[in-house]
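# Working through the structure, step by step
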Amino acid sequence: MSVAKALTVRQATTKDVDAMLEIVNEYAQQGLMLPRTKLSFLEHLQSFIVAHDGDTVVGVAGLHILWEDLAEIRSLAISEKAKGMGVGKHLVLHLVNECKNLGIKRVLALTYQKEFFEKCGFWVVAKETLPQKTWKDCINCSKLPMCDEIAMIFETE
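In this text, all values refer to a predicted model and were calculated from it rather than measured experimentally.

Scoring rules and cut-offs
- Residues numbered from 1 in each chain as written.
- Predicted model: local features only at pLDDT ≥ 70, side-chain atom pairs only at ≥ 80, totals over all residues.
- Heavy atoms only, no water.
- Helix = DSSP H or I, 4+ residues; strand = E, 2+ residues; numbered from the N terminus.
- Contact = heavy atoms within 4.5 Å.
- Areas by Shrake-Rupley, 256 points an atom, 1.4 Å probe, with all protein chains shown as cover.
- Polar contact = N/O pair within 3.5 Å; in protein donor to acceptor, adjacent residues only side chain to side chain.
- 1 Å grid on protein atoms, 1.4 Å probe; cavity = no way out; pocket = protein on both sides within 12 Å on 5 of 7 lines; lining within 4 Å.
- Points joined across faces, edges and corners; volume = space filled by probe spheres on them.
- Nonpolar A, V, L, I, M, F, W, Y, C, P; charged D, E, K, R; others polar.
- Pairing = 2+ DSSP bridges.
- Axes fitted to C-alpha atoms, helices over the stretch in contact; angles between N-to-C directions.
- Phe/Tyr/Trp six-rings, centres within 6.5 Å; stacked < 30°, edge-to-face > 60°.
- Buried < 20%, exposed > 50% of the residue type's maximum accessible area, 1.4 Å probe, protein only.
- Salt bridge = Lys/Arg side-chain N within 4 Å of Asp/Glu carboxyl O.

Before going further, it helps to examine the overall build of the chain. Secondary structure assignment for the chain yields 5 helices and 7 strands. Reading the chain from its N end, one meets helices and strands in the order β-α-α-β-β-β-α-β-α-β-α-β. Pairs at least 24 residues apart make up 69% of the contacts formed inside the chain by residues separated by at least 6 positions. Only carbon and sulfur atoms are counted for the fraction: they give 54% of the accessible area of the chain, which is about 8600 Å².

Structure (structure tokens):
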């Protein structure tokens, strides 16, 4: 049975944090995303969802509201065993739908995975068009001013 067929997405719980940490920080070690700490996941737990196949967490993603019309998908990561099975797209579409329900018009992703997000309906925008993100988060990031991530937006309306 493929992961995608048995996949369930739900709100993350404290029991998921160690698996979330392992999945995200594996990508961080490769320089593909920013690392997270256990405390960071716990402090923002209500903002995270997980995909699981039975008892195993196979994906994680967070939604961070930046302004009344803008939210960001953060820490989207899929376990090695679930790559290529639709888990990432499932998580992204779940969070996009959550934004629609909240009345948030734009969803942001800062990513190195341009093609993946294009398949999910996002398009590239200039980072300069996102002052809410720049002044809230980017100003304290170790990658500033040489950030090489691609800013992409999805419009919910």
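Tracing the backbone through its elements, the reader meets T156 in the segment after strand 7 (150–155). In terms of polar contacts, T156 uses its side chain to reach the backbone carbonyl oxygen of I104, at 2.7 Å. Non-local contacts of T156, meaning those with residues more than four positions away in its chain, are made with V96, C99, K100, I104, K105 and V107.

Taken as a whole and assessed by the stated rule, the structure comprises 1 cavity of 30 Å³ or more. Taken as a whole, the largest cavity holds about 70 Å³ of empty space. Along the walls of the largest cavity sit R36, H44, S47, F48, G62, L63, H64 and R74, which together make up its complete lining. At 3 residues, strand 3 (residues 56–67) tops the list of elements feeding residues into the lining of the largest cavity. Residue composition of the lining of the largest cavity, grouped by class: 2 nonpolar, 4 polar and 2 charged.

What follows deals with the sheet that holds strand 7. If you walk across this open sheet you meet the 7 strands as 1-2-3-4-5-7-6, and the pairing is mixed. Two strands in the sheet have a free side with no partner beyond their single neighbour: strand 1 (7–11) and strand 6 (123–124). Inspection of the sheet shows strand 6 paired to strand 7 by 2 bridges, in the antiparallel sense. Bridge pairing in strand 7 places W123 opposite I153. Against the sheet, helix 1 (residues 17–29) makes contact with strand 2 (48–53), strand 3 and strand 4 (70–78), and its axis sits at roughly 80° relative to strand 3, the strand it touches most. The strands touched by helix 3 (residues 87–102) within the sheet are strand 1, strand 2, strand 3, strand 4, strand 5 (106–111) and strand 7, with strand 3 carrying the most contacts at an inclination of about 35°.

In this description, a pair of aromatic rings is defined by centroid distance and the angle of the planes. As enumerated under the stated definition, the model contains 4 aromatic pairs in all. When the centroid spacing of 5.0 Å and the interplanar angle of 75° are considered together, the rings of F41 and F48 count as edge-to-face. Both residues of the pair, F41 and F48, belong to the buried class. Seen from their ring centres, F116 and F117 are 5.0 Å apart, and the 85° between their planes marks the pair as edge-to-face. One aromatic cluster is present, formed by F116, F117, F122 and F154 through successive ring pairs.

Further remarks concern the pattern of salt bridges. The tally for this structure, following the rule as stated, stands at 6 salt bridges. A salt bridge links R74 to E72, with the shortest nitrogen-to-oxygen separation between them at 3.0 Å. The two residues R74 and E72 agree in class, both being buried. In this structure, K83 engages E80 in a salt bridge whose closest nitrogen and oxygen atoms are separated by 2.9 Å. Under the relative-accessibility criterion, E80 is labelled partly exposed at 45%.

Purely spatial values, then, with no claim about function.
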